[in-house]
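Structural features, examined
Residue strings, one per chain:
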Amino acid sequence: MTVTNKVALVTGAGQGIGRGIALRLAQDGFDIAVADLAVQAEKAAGVITEIEALGRAAVFVSVDVSQRDDVFAAVDAAAQRLGGFDVIVNNAGIAQVTPLSEITEDELDSIFRINVNSVIWGIQAAVAKFDELGRPGKIINAASIASIQGFPILGAYSASKFAVRGITQVAAQELAPKNITVNAYAPGIVGTGMWDLIDEKLSVINGKPRGQNLKENVDGIALGRIETPEDVAKVVSFFAGPDSDYVTGQVLLVDGGMLYN
Ligand SMILES: NC(=O)c1ccc[n+]([C@@H]2O[C@H](COP(=O)([O-])OP(=O)(O)OC[C@H]3O[C@@H](n4cnc5c(N)ncnc54)[C@H](O)[C@@H]3O)[C@@H](O)[C@H]2O)c1
């Protein structure tokens, strides 16, 4: 799929899945706003260099996705600096590895602000920009296998991703009259910093050696290998491009065969 002179903003693009998505959309022909926390500026600069090597323009926009004003400012900056706005990928997110009985109010607030509120702010900011520019657009959200099935010890995370699935379905219906599509990708076990953290925390809880929890989860994947950011990015490429013009409100599992729905 190739596009010309289109702009996509990807949150959490400094590393992991977000970086993979940013690079894939650049290959597809998008100019890219690499949006991430200010502390990720150095990593984001590396991603920008990789995008520029692909012949596309890229800028870093500093954003804390849990802050509504920040997200609006990031979308404005991307549109102004790259000369348009067509796609937002609400990818940034965090995991927490805590049994439900032990989650604190602060932890719950934090994961919902970063994983759920952020998606609504991203939708609002993107729609405002699409309206201002007088064009349709595409909104793509990060769900998870944990948006389809609840995973023990990842209770708040699962709840936050179930919420993303609900938001995706509602936004798709509300925004269809504007010809805006809203979809989500649901990865399985991707080898990123997030799984380093989950594996480390699980080993403290269940006493298994480091790496064992990750290995056991990967052993359960039908296609027999851990997922890469590039695997996820292929699905996002589809949602960002014209081949998905008649697809909206969907959460697509991209998990190598873990869940079946
Ligand atoms: N890794 C997996 O196995 C997996 C599986 C399913 C879904 N996901 C989802 O994919 C998305 C990306 O995950 P990842 O594995 O690449 O994680 P990661 O931890 O490697 O990267 C997350 C990125 O988001 C950024 N970020 C975190 N909080 C932010 C905030 N408040 N504002 C702006 N940026 C922020 C981080 O700086 C980082 O660059 C997340 O939504 C995650 O829930 C990951």
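Source: prediction; values computed, not measured. (Residues numbered from 1 in each chain as written. Predicted model: local features only at pLDDT ≥ 70, side-chain atom pairs only at ≥ 80, totals over all residues. Heavy atoms only, no water.)

Summarizing the sequence annotation, UniProt attributes the feature "active site" (unreviewed entry) to Tyr157 in the numbering used throughout. Tracing the sequence through the fold places Tyr157 in helix 5 (residues 155-175). Apart from the residues within four sequence positions on either side, Tyr157 is in contact with Ile94, Ala95, Gln96, Ile111, Asn115, Ser144, Ala146 and Met194. (UniProt positions renumbered as here; feature names shortened; annotations may be inferred. Helix = DSSP H or I, 4+ residues; strand = E, 2+ residues; numbered from the N terminus. Contact = heavy atoms within 4.5 Å.)

We now examine unusual backbone geometry. Positioned with a positive phi, Ile153 is a non-glycine residue whose angle comes to about 70°. Looking at where Ile153 falls in the secondary structure, it is placed in the loop between strand 5 (138-142) and helix 5. On the accessibility criterion, Ile153 (26% relative accessible area) is partly exposed. At Asn179, a position not held by glycine, the phi torsion is positive, near 65°. Of note, Asn179 is situated in the loop between helix 5 and strand 6 (181-187). By relative accessible area, which is 51% here, Asn179 ends up exposed. (Buried < 20%, exposed > 50% of the residue type's maximum accessible area, 1.4 Å probe, protein only.)

Another point: the site of the ligand. Close to the ligand lie 27 residues; Ile17, Asp36, Asn91, Tyr157 and Thr192 are nearest. Here a nitrogen atom of the ligand sits 2.9 Å away from a polar atom, N or O, in the main chain of Val65. One nitrogen or oxygen atom from the side chain of Lys161 is found 3.0 Å from an oxygen atom belonging to the ligand. Protein chains bury 94% of the 830 Å² of accessible surface belonging to the ligand in isolation. The cavity where the ligand resides is the largest pocket. Among the elements that line the shell around the ligand, the one with the most residues is helix 6 (residues 193-206), at 3 residues. Among the residues making up the shell around the ligand, the classes are represented as 14 nonpolar, 10 polar and 3 charged. (Near = heavy atom within 4 Å. Polar contact = N/O pair within 3.5 Å; in protein donor to acceptor, adjacent residues only side chain to side chain. Areas by Shrake-Rupley, 256 points an atom, 1.4 Å probe, with all protein chains shown as cover. 1 Å grid on protein atoms, 1.4 Å probe; cavity = no way out; pocket = protein on both sides within 12 Å on 5 of 7 lines; lining within 4 Å. Sits in = over half its atoms within 2 Å of the grid points. Nonpolar A, V, L, I, M, F, W, Y, C, P; charged D, E, K, R; others polar.)

Applying the stated criterion to the full structure yields 12 salt bridges. Where Lys129 meets Glu132, a salt bridge forms, and the shortest distance between an N and an O atom there is 3.1 Å. A residue pair is termed a helical-turn pair when its members lie 3 or 4 positions apart in one helix, as Lys129 and Glu132 do in helix 4 (residues 105-133) at 3 residues. Taking the relative accessible area as the measure of exposure, Glu132 reaches 58% and is therefore exposed. Lys215 is paired through a salt bridge with Asp219; the nearest N and O atoms lie 2.9 Å apart. Highlighted residues: Lys215 and Asp219, both in helix 7 (residues 212-219), separated by 4 residues, approximately one helical turn. (Salt bridge = Lys/Arg side-chain N within 4 Å of Asp/Glu carboxyl O.)

Residues Leu9, Phe85, Ile123, Ile139 and Leu175 are the most contacted members of the largest nonpolar core, which totals 55 residues. In terms of residue count, helix 4 provides more of this core than any other element does, 9 residues in total. When residues no more than four places from it in sequence are discounted, the contact partners of Ile123 are Asn90, Ile139, Asn141, Ile167, Ala171 and Leu175. Core analysis: the second largest hydrophobic core is formed by 30 residues, Ala22, Phe30, Val34 and Ala44 among them. (Core = buried A, V, L, I, M, F, W, Y, C linked by side-chain atoms within 4.5 Å.)

Looking at the largest pocket, its volume works out to about 980 Å³. Considering the residues around the largest pocket, the lining is formed by 47 residues, among which Gly93, Ile94, Ala95, Tyr157 and Met194 are closest to the centre. Elements with a minimum of two residues in the lining of the largest pocket: helix 1 (16-28), strand 2 (30-36), helix 5, strand 6, helix 6 and helix 7. Take the lining of the largest pocket: its biggest share by element is 7 residues, from helix 6. For the lining of the largest pocket, the class distribution of residues is 28 nonpolar, 15 polar and 4 charged. In the lining of the second largest pocket, the residues fall into 6 nonpolar, 4 polar and 4 charged. (Points joined across faces, edges and corners; volume = space filled by probe spheres on them.)

Okay, the environment of Ser62 next. Secondary-structure assignment places Ser62 in strand 3 (residues 58-62). With 24 residues separating them along the chain, Ser62 and Ala38 place their C-alpha atoms 5.1 Å apart. Those residues in contact with Ser62 that lie beyond four places of it in its chain are Asp36 and Ala38.

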